[in-house]
Amino acid sequence: MRYIRVNVTDNSGNRSSTTINAQIAKTWGAYHGISHSVDSNEYYKQLTKALRGHITTFLKGFEKSEIECLLMQDIERKIIERERQKNKQPNLL
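Definitions and limits used
Position numbers for residues count from 1 along each chain, tracking the sequence in the order it is written. Whole-chain, interface and lining totals are the exception, using all residues; otherwise, since this is a predicted model, local features are given only for residues with pLDDT of at least 70 and side-chain atom pairs are given and counted only at 80 or more. For side-chain calculations, the full set of non-hydrogen atoms in the structure is used, while hydrogens and water are omitted. Axis definition: a line fit to C-alpha positions, over the contact stretch in the case of helices; interaxial angles, taken between N-to-C directions, run 0 to 180 degrees. Strands are runs of DSSP state E lasting at least 2 residues, helices are runs of H or I lasting at least 4, and numbering of each runs from the N terminus. Two helices that cross are described as forming a left-handed crossing if the nearer one is turned anticlockwise from the farther one by less than a right angle, and a right-handed crossing if clockwise. Any pair of residues with heavy atoms lying within 4.5 Å of one another is described as a contacting pair. Put simply, Ala, Val, Leu, Ile, Met, Phe, Trp, Tyr, Cys and Pro go in the nonpolar bin, Asp, Glu, Lys and Arg in the charged bin, and everything else, Gly too, in the polar bin. The criterion is simple. A nonpolar core is a set of buried Ala, Val, Leu, Ile, Met, Phe, Trp, Tyr and Cys residues joined through side-chain atoms within 4.5 Å. Exposure is judged per residue with a 1.4 Å probe applied to protein chains only, and the accessible area is read against the type maximum: over 50% gives exposed, under 20% gives buried, and values in between give partly exposed. Whether two aromatic rings pair depends on their centres lying within 6.5 Å, for rings of Phe, Tyr and Trp, where Trp uses its six-membered ring; planes under 30 degrees apart make the pair stacked, over 60 edge-to-face, and the rest tilted. The score called pLDDT rates the predictor's confidence residue by residue, from a low of 0 to a high of 100. Note on pairing: two strands pair once DSSP finds at least 2 bridges between them. Pairs of N or O atoms are called polar contacts if they sit within 3.5 Å, as long as, within protein, a hydrogen donor faces a hydrogen acceptor (for residues adjacent in sequence, only side-chain-to-side-chain pairs).

### Quick notes on the packing of helix 1 (residues 22-31) against helix 3 (residues 64-88)
For step 1, the next point in the chain: Following both chains from N to C, one finds helix 1 and helix 3 inclined at 35°, their axes separated by 10 Å at the closest point. Crossing hand, helix 1 versus helix 3: left-handed. Packed against helix 1, whose contacting residues are Ile24, Thr27, Trp28 and Tyr31, the element helix 3 presents Glu68, Leu71, Met72, Asp74, Ile75, Lys78, Ile79 and Arg82 at the interface.
For step 2, the next point in the chain: Residues belonging to the contact of helix 1 with helix 3 are distributed by class as follows: seven nonpolar, one polar and four charged.

Take a look at the structure:
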């Protein structure tokens, strides 16, 4: 698996880039509705664009490991939300 390179602009207008671990990026994408398609180039474009938008919202001098940690926390939040939704549904059996 390859790393996902994300080009971003920080809050002061400086351009920067970082690489995100592919497994973290794919898992994050799956929990945000980006499903793996047959065309892997299109999938990576969509994933990179979504990551760029998400990372730009919190990029303030974070290091790569901090960005990956924040992505993992976002995945964890999505998992918890999904489980809460499952538990809210009445058992009809």
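### A word on the nonpolar core
For step 1, the next point in the chain: Among the nonpolar cores identified, the biggest contains 17 residues, and Ile20, Leu47, Leu51 and Ile55 are the most heavily contacted of them.
For step 2, the next point in the chain: Elements with a minimum of two residues in this core: strand 1 (4-9), helix 1, helix 2 (40-58) and helix 3.
For step 3, the next point in the chain: With six residues, helix 2 is the single largest residue contributor to this core.
For step 4, the next point in the chain: Non-local contacts of Ile20, meaning those with residues more than four positions away in its chain, are made with Tyr3, Ile4, Val6, Ala25, Ile55, Ile67, Glu68 and Leu71.

### Observations regarding the packing of aromatic side chains
For step 1, the next point in the chain: With the rule as written, the count across this model stands at one aromatic pair.
For step 2, the next point in the chain: Measuring from ring centre to ring centre gives 5.5 Å for Tyr43 and Tyr44, while their planes differ by 70°; the resulting arrangement is edge-to-face.
For step 3, the next point in the chain: On the basis of relative accessibility, which here comes to 2%, the residue Tyr43 falls in the buried class.

### Some details on the confidence of the model for the protein
For step 1, the next point in the chain: Confidence in the prediction for the protein averages 82 pLDDT; 86% of positions are at 70 or higher.
For step 2, the next point in the chain: Within the protein, the element-level pLDDT minimum falls on strand 1, averaging 82, and the maximum on helix 1, averaging 91.

### Re the environment of Gly33
For step 1, the next point in the chain: Summarising the element assignment, Gly33 is placed in the loop between helix 1 and helix 2.
For step 2, the next point in the chain: For Gly33, a relative accessible area of 66% gives the class exposed.
For step 3, the next point in the chain: Taking the C-alpha atoms as reference points, Gly33 and Leu47, separated by 14 residues in sequence, lie 9.9 Å from one another.

### Concerning the pairing of strand 1
For step 1, the next point in the chain: Going residue by residue along strand 1, you find Ile4, Val6 and Val8 tucked away on one face and Arg5, Asn7 and Thr9 left uncovered on the opposite face.
For step 2, the next point in the chain: Where strand 1 and strand 2 (residues 15-20) come together, six bridges link them in antiparallel fashion. Among the inter-strand pairings, Ile4 is bridged to a residue of strand 2, identified as Ile20.

### Observations concerning helix 1
For step 1, the next point in the chain: Those residues of helix 1 that fall on the buried side of the exposure criterion are Ala22, Ile24, Ala25, Lys26, Trp28 and Gly29.
For step 2, the next point in the chain: Contacts made by the buried residues of helix 1 are with strand 1, strand 2, helix 2 and helix 3.
For step 3, the next point in the chain: Of the residues that open helix 1, the one with a side-chain oxygen 2.8 Å from the backbone nitrogen of Gln23 is Asn21.
For step 4, the next point in the chain: Within two residues after helix 1, Gly33 carries a phi angle of roughly 80°, on the positive side.

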